[in-house]
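Report on the structure
Residue-level listing of the chains:
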Amino acid sequence: MGFFELHHFFLAAKQKYKEGDWRARPSRSWTREEVKERFHDFIDEDEHFEPSFLARTLGQAWDTFRLPPKERKYMQKLDANILIYCLLSFFLKTLDNSNVSNAYVSGMKEDLNLNGNERNLFTTFFNIGYLIGAIPSSIILNKVRPSIWIPLCELIWSGLVMAIAGAPNAKTIYGIRFVIGLFESVAYPGLAMVLGSWYKPSELSKRMELYDAAWAIASMFSGYIQAGVYTNMNGLAGFAGWRWLFIIDGCIGIPIALLGFYSVPDYPINTQVLYLSQLEKEYSYVRMEDVGRKAPKPLTIKRFFKYFLTWRPYGFLWPWVLFNICDTTGYFNLWLSSLGTYSVQQVNVIPSGGYALSLVSGYLSANISDRYGIRWPFIMHAVAWCFLGNLLLAIWDIPYGLKYFAFFCPNIGYALWGMMLAWSAEAFQDDTELRGMLPAVGSTLSYAMTAWLPVVIFPTEKAPKYSVGYQITTGLIVLEAMGVMFFLFMTKYEAKAKGRVVNKYGLAVDAEEADAKLDVGVRRESEELYGKIGVIDGVEPASDGSFSEKKVKEKDMYSDA
């Protein structure tokens, strides 16, 4: 191949890349009539559709059951591919980390002669790797498709988890855990950003909570898996039960990672997945454009640092980092082990009751939150449970049953993470890159703190009664609650300052954009949420200042303003 042939080859490759560039806007938009005609397979025109009694009953648990048939089929297709993979991926990530704690109390300590803070240091080295990798991975996601980068990282860390099974000493595990943290750092914020790009407000919170609840599922199953492995495989082929745990973990992870190359859809604007037709891809983009969710844009260094001149990073990071610092659910099994009355299997299984509570309380909060379209009261409810549990453990000298209750309380408050992710995805829906980066930055700061703080306030040799640990987390949870209220205040203030209105989904959007889409905030709740935050072009407010009783002139819903 000569020079000119090579030149034309690279020009063609460059053009192909541009055509597939997910930051490029679709070549056209559609009017309301064109939407009905083009996407009639997904839009049921029967405005009088009423779901059956069975559908309404099942719909109390999962919203798609209440939808008209065509729309329900579309939503089930999204859930079966996007949501299921996200759940499996986060399940795997959490299983990797939970198994370190379970292995420590199931033979690792004795086999490797661990006698100090090695258990905390395993977490510390992982956190350092995560800290270093989180922000670069988030930036890479702006350059490389999530459908490539996320599964590739997952494939690498699954292999490294298996390598722990052959570790001869603690130092080897330190190095492996560091590299695992480096590659795992992309998973949680990356998949949360993808989820937040495909679902409407009435759909998002429960799915984000399920995604986040994979932590509870993995933690719960980790105890059962470790108990089963210890009972049935301890000594098999010369390997201790705790070593088999990491081998099995890696064997689970590799096929999940391979599934990611098929299932991760990138974003509605650039998706190339095989399970969606071209028409479905176009409809997905139109659906999110109707909500007001913006398409991705190039992330430059200047734009990255400009974020930190606004309130947004600080408003999100304040409560988010404290959520992570104050998570004390991992110390339950140390208390059980110290009692000397439970077997290894029981020490691993009993805490699973708390994870079951996390699943139930988190999903109930998210489901109700989606129905009412409001997030902060449910987050504050979760914060209250975390405060109560830590306060009781700070007192410590309490009845045996009450101490059990105290260890379970933070699990009831686990709804914090998923609800905050959903809230921020909606509050910052005008900036895809910020939505993806904030969980990464938050995780970086959280891991920076948890890399050393647990070693100081929760030293393993002092377990299970710590002199200052629970007292400090109790105080920090008060600051956590203040951070949630600050986020609420600033979202209201920003919307009012920029003259935004509340669209039909309950989200603050620019008045011009809402007017162009016939999606103006003509609802009395707009005042309750944001105050009098602006007048919509072509619409005068009622005498009480609201828009709820005014009619709006017809405009094309999907044409450019």
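Residues numbered from 1 in each chain as written. Predicted model: local features only at pLDDT ≥ 70, side-chain atom pairs only at ≥ 80, totals over all residues. Heavy atoms only, no water.

Regarding the overall build of the protein chain
When helices and strands are counted, the protein chain shows 24 helices and two strands. Across the 561 residues that make up the protein chain, the buried fraction comes to 56%. Sequence separation of at least 24 residues holds for 78% of the intrachain contacts in the protein chain that already meet a minimum separation of 6. With an accessible surface of roughly 24000 Å², the protein chain has 64% of that area assigned to carbon and sulfur atoms. (Helix = DSSP H or I, 4+ residues; strand = E, 2+ residues; numbered from the N terminus. Buried < 20%, exposed > 50% of the residue type's maximum accessible area, 1.4 Å probe, protein only. Contact = heavy atoms within 4.5 Å. Areas by Shrake-Rupley, 256 points an atom, 1.4 Å probe, with all protein chains shown as cover.)

Description of the side chain of Ser197
Structurally, Ser197 can be placed in the loop between α8 (187–195) and α9 (201–232). Only 3.4 Å separates the side chain of Ser197 from the side chain of Arg435, close enough to count as a polar contact. (Polar contact = N/O pair within 3.5 Å; in protein donor to acceptor, adjacent residues only side chain to side chain.)

Concerning the environment of Asp96
Checked against the element boundaries, Asp96 lands in helix α4 (residues 69–111). Judged by relative accessible area, Asp96 falls into the buried class, the value being 3%. The sequence separation of Asp96 and Met162 amounts to 66 residues, and the corresponding C-alpha distance is 9.8 Å. Setting aside its immediate chain neighbours within four residues, Asp96 contacts Trp157, Val161, Arg177, Glu184 and Asp249.

Let's talk about the packing of aromatic side chains
Here the structure, examined in full by the defined rule, presents 38 aromatic pairs. Ring geometry for Trp396 versus Tyr470: centroids 6.5 Å apart, planes at 15°, classification stacked. Taken together, the residues span a long stretch of sequence, with Trp396 in the loop between α17 (376–395) and α18 (400–412) and Tyr470 in helix α22 (residues 469–497) at a distance of 74 residues. Residues Phe489 and Tyr493 carry aromatic rings whose centres are separated by 6.2 Å and whose planes lie at 20° to one another, so their mutual orientation is stacked. (Phe/Tyr/Trp six-rings, centres within 6.5 Å; stacked < 30°, edge-to-face > 60°.)

What to know about the pattern of salt bridges
Two side chains of opposite charge can pair, provided their charged atoms sit close to one another. One pass over the structure, following the stated rule, counts 17 salt bridges. Residue Glu433 is joined to Arg303 by a salt bridge in which the shortest nitrogen-to-oxygen separation is 2.8 Å. Residue Glu433 is located in helix α20 (residues 432–450), and its partner Arg303 is located in helix α12 (residues 301–306); the two are separated by 130 residues in the primary sequence. Considered together, Glu433 and Arg303 belong to a single accessibility category, that of buried residues. A salt bridge links Arg375 to Asp370, with the nearest nitrogen and oxygen atoms 2.9 Å apart. Judged by relative accessible area, which is 3%, Arg375 ranks as buried. Asp370 gets classed as buried once you look at its relative accessible area, which sits at 5%. A single salt-bridge network, built from bridges that share partners, covers Asp63, Asp79, Lys206, Arg207, Asp370, Arg375 and Glu426. (Salt bridge = Lys/Arg side-chain N within 4 Å of Asp/Glu carboxyl O.)

Some points on the packing of helix α14 (residues 332–339) against α18
One way to put it is that α14 packs onto α18 with a least axis distance of 10 Å and a crossing angle of 155°. Compared by their axis directions, α14 and α18 come out roughly antiparallel. Here Phe332, Trp335, Leu336 and Leu339 of α14 come into contact with α18, specifically with Tyr400, Lys403, Tyr404, Phe407 and Phe408. A per-class count over the contact of α14 with α18 returns eight nonpolar, no polar and one charged. (Axes fitted to C-alpha atoms, helices over the stretch in contact; angles between N-to-C directions. Parallel < 35°, antiparallel > 145°, perpendicular 65-115°, else oblique. Nonpolar A, V, L, I, M, F, W, Y, C, P; charged D, E, K, R; others polar.)

Concerning a nonpolar patch on the surface
The grouping of Trp318, Phe387, Leu391, Ile395, Val478, Leu479 and Met482 at the surface amounts to a nonpolar patch, some 570 Å² of accessible area in total. Residue assignment for the nonpolar patch shows that the elements contributing at least two residues are α17 and α22. For Leu479, the position within the fold is in helix α22. (Patch = residues over 30% accessible without salt bridge, like charges linked within 9 Å, V, L, I, M, F, W, Y side chains within 5 Å.)

Let's talk about the nonpolar core
Counting 141 residues, the largest nonpolar core has Met108, Tyr199, Tyr211, Phe246, Phe323, Ile379 and Tyr470 as its most contacted members. In terms of residue count, α4 provides more of this core than any other element does, 17 residues in total. For Tyr211, the residues in contact, after removing those within four places along its chain, are Cys86, Leu87, Phe90, Ala187, Tyr188, Leu191, Ala192 and Leu195. (Core = buried A, V, L, I, M, F, W, Y, C linked by side-chain atoms within 4.5 Å.)

A look at α4
An α-helical turn contains 3.6 residues, so a residue and the one three or four places further along point in the same direction. At Tyr104, α4 shows its strongest bend, of approximately 65°. Looking one or two residues past α4, Asn113 carries a phi angle of roughly 55°, positive in sign. (Bend = angle between axes of the 7 residues up to and from the residue.)

Some points on unusual backbone geometry
The linkage connecting Ala463 with the following residue, Pro464, adopts the cis geometry, with an omega of 5°. In this fold, Pro464 is placed in the loop between α21 (453–457) and α22. Of note in this structure, Trp396 is not a glycine but carries a positive phi near 70°.

Notes on the packing of helix α13 (residues 312–325) against α22
Where α13 meets α22, the axes come as close as 8 Å, and the angle between the chain directions of the two elements is 155°. Relative to α22, the element α13 is oriented roughly antiparallel. Pair α13 / α22 crosses with left-handed handedness. Facing Arg312, Gly315, Phe316, Trp318, Pro319, Leu322, Phe323 and Ile325 of α13, the residues of α22 in contact are Thr473, Leu476, Leu479, Glu480, Met482, Gly483, Val484, Phe486, Phe487 and Glu494. Residues that form the contact of α13 with α22 fall into these classes: 12 nonpolar, three polar and three charged. (Left-handed = near helix turned anticlockwise from the far one by under 90°.)

Digging into the confidence of the model for the protein chain
Caution is warranted with low-pLDDT regions, since their predicted coordinates should not be read in detail. Of all residues in the protein chain, 84% attain a pLDDT of 70 or more, and the chain-wide mean is 79. A low-confidence stretch, residues 1–25 stays under pLDDT 50, and its non-local contacts, those more than four residues away or across chains, total 23 contacts. Low pLDDT, under 50, characterises residues 518–561; the stretch is placed with 108 contacts to residues that sit more than four places away or in other chains. (pLDDT = per-residue confidence, 0-100.)

Remarks on the environment of Ser197
On the basis of relative accessibility, which here comes to 5%, the residue Ser197 falls in the buried class. Placed 71 residues apart in sequence, Ser197 and Pro268 show a C-alpha to C-alpha distance of 7.3 Å. In this structure Ser197 touches Tyr267, Pro268, Met288, Arg293 and Arg435, once residues within four positions along its chain are discounted. Separated by 2.8 Å, the side chain of Ser197 and the backbone oxygen of Met193 make a polar contact.

Thoughts on the state of the cysteines
In protein structure, a disulfide is the covalent linkage between the sulfur atoms of two cysteines. As enumerated under the stated definition, the model contains zero disulfides in all. Not engaged in a disulfide, the cysteine Cys326 finds its nearest cysteine sulfur in Cys386; these two sulfurs lie 8.1 Å apart. For Cys326, a relative accessible area of 5% translates into the label buried. (Disulfide = S-S within 2.5 Å.)

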